[in-house]
Amino acid sequence: PDGAASRGDLAGRHVVVSAGGTREPLDPVRFLGNRSSGKQGYAVAAEAAVRGARVTLVAANVALPDPDGCEVVRVGSARELEAALGAVLDGGGVDAVVMAAAVADFRPATYAATKIKKTHADEGDDSAPVVELVRNPDVLAALVARRAGGRTPYLVGFAAETGDASGDVLTLARAKLRRKGCDLLVANDVGDDKAFGQDENTVHLLRPGTDEVVTVGPATKALVAAAVWDAVAPDLV
Ligand code: CTP
Ligand code: CA
């Protein structure tokens, strides 16, 4: 997929890729986070640049070198990520958004401006606090809504699934694609420590309106990235 035919197929396009994992602050020294390394999103961004796209990479808490040819915008929390994407999209002319970032579904309901201290048993209290959570905005769903039935930007979701009692990875992914309303869903099998922080990945590419599934891998994240753009590029309007 990295051959001559794909080189330049994104020339003149502006694509936006989110990568990494958001952190939801609890106090100045603590956060709720997740295990996303950002490697897959960075590979998607790097591949788009190689194919000739202008790339804006919105990176949430990633410790990786900036990929060549990408403009990197750093964010921390889900709400910062949403604002950064909104600012890029407000500029107009974005052809595709790939939401590879692991966005926290919930954040602490309150942020403590000073470090939360434990109480001490010798002071007659060894209780623990209860952290209340509230929902974060669903950034991808908001992008679908913002498109208002139009075809641009093309929207790609990622879904990290382990499979559970309610269904296997593909069944859950199919339902998620329907729920999200995006144009392509990249379903990532993350059971048993697969995928997170690893260099190889197996994904299933799902589109609305067809039961056809393209499975890629186990393959490097670079090859998965190439397969994603192979799927997206012909459908850009
Ligand atoms: N996503 C998002 N905003 C959120 C949560 C997720 O934009 N608050 C995006 C992710 O970047 C990903 C896609 O939605 O591209 C799917 O994320 P996932 O966590 O798999 O889906 P959810 O709808 O949050 O469902 P659940 O976590 O319950 O499986
Ligand atoms: Ca989620």
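Residues numbered from 1 in each chain as written. Chains lettered and ligands numbered in written order. Predicted model: local features only at pLDDT ≥ 70, side-chain atom pairs only at ≥ 80, totals over all residues. Heavy atoms only, no water.

Chemist: Help me get a handle on the overall build of the chain, residues and values and all.
Modeler: Assigned secondary structure in the chain consists of 5 helices and 12 strands. By its C-alpha atoms, the chain is 70 × 40 × 35 Å across when sized along the principal axes. Across the 237 residues of the chain, 45% fall into the buried class. Long-range contacts, defined as pairs at least 24 residues apart, comprise 67% of the intrachain contacts of the chain with a sequence gap of at least 6. Taken as two groups, the 26 positive and 32 negative side-chain charges of the chain have centres that lie 3 Å from each other. (Helix = DSSP H or I, 4+ residues; strand = E, 2+ residues; numbered from the N terminus. Buried < 20%, exposed > 50% of the residue type's maximum accessible area, 1.4 Å probe, protein only. Contact = heavy atoms within 4.5 Å. Lys, Arg positive; Asp, Glu negative; His and termini not counted. Charge placed at Lys NZ, Arg CZ, Asp CG, Glu CD.)

Chemist: An account of the site of ligand 1 is needed here, citing residue identities and associated values.
Modeler: As a structural note, the neighbourhood of ligand 1 is formed by 14 residues, with Met 99, Ala 101, Leu 140, Phe 158 and Lys 176 the closest of them. Between ligand 1 and Asp 105 there is a distance of 3.0 Å, counted from an oxygen atom to a side-chain nitrogen or oxygen. In the complex, the protein chains occlude 78% of the 570 Å² of accessible area that ligand 1 would expose alone. Structurally, ligand 1 is housed in the largest pocket. Of all the secondary structure elements, the ones that give two or more residues to the shell around ligand 1 are helix H3 (139-147), strand S9 (154-161) and helix H4 (169-180). (Near = heavy atom within 4 Å. Polar contact = N/O pair within 3.5 Å; in protein donor to acceptor, adjacent residues only side chain to side chain. Areas by Shrake-Rupley, 256 points an atom, 1.4 Å probe, with all protein chains shown as cover. 1 Å grid on protein atoms, 1.4 Å probe; cavity = no way out; pocket = protein on both sides within 12 Å on 5 of 7 lines; lining within 4 Å. Sits in = over half its atoms within 2 Å of the grid points.)

Chemist: I'd love a proper account of the sheet that holds strand S12 (residues 213-220), names of residues and values included.
Modeler: Strand order in the open sheet made by the 8 strands is S5-S4-S1-S6-S9-S10-S11-S12, with mixed pairing throughout. Among the strands making up the open sheet, the edge pair consists of strand S5 (70-75) and S12. Adjacent strand axes in the sheet meet at a mean angle of 20° when their direction is disregarded. Across 6 bridges, strand S11 (residues 200-206) lies against S12 in antiparallel orientation. (Pairing = 2+ DSSP bridges. Axes fitted to C-alpha atoms, helices over the stretch in contact; angles between N-to-C directions.)

Chemist: So what about the coordination of the calcium ion (ligand 2)? Which residues, and what values?
Modeler: Every protein donor of the calcium ion (ligand 2) is accounted for by Asp 105 (OD) and Asp 105 (OD), and the metal-donor separations fall at 2.4 to 2.6 Å. Tracing the backbone shows Asp 105 in the loop between strand S6 (96-99) and strand S7 (106-108). (Donors = N, O, S within 2.8 Å, 3.2 Å for Na, K, Ca; no water.)

Chemist: Describe the nonpolar core, with residues and values.
Modeler: Within soluble globular proteins, side chains that are nonpolar tend to cluster in buried spots. Ranked by internal contacts, the top residues of the largest apolar core, which has 37 residues, are Val 55, Leu 184 and Trp 229. Per element, the largest residue contribution to this core is 7 residues, and it comes from helix H5 (residues 221-232). With sequence-adjacent residues up to four places away left out, Trp 229 is seen in contact with Leu 10, Val 15, Val 17, Val 44, Glu 47, Ala 48, Arg 51, Ala 96, Val 98 and Pro 234. Listed in part, the 25 residues of the second largest apolar core include Val 75, Met 99, Ala 101 and Cys 182. (Core = buried A, V, L, I, M, F, W, Y, C linked by side-chain atoms within 4.5 Å.)

Chemist: Let's hear about the side chain of Lys 176: which residues, and what values?
Modeler: With respect to the helices and strands, Lys 176 occurs in helix H4. According to the relative accessible area criterion, Lys 176 is buried, its value standing at 18%. In contact with Lys 176, other than residues within four places in its own chain, are Ala 159, Glu 161 and Leu 185.

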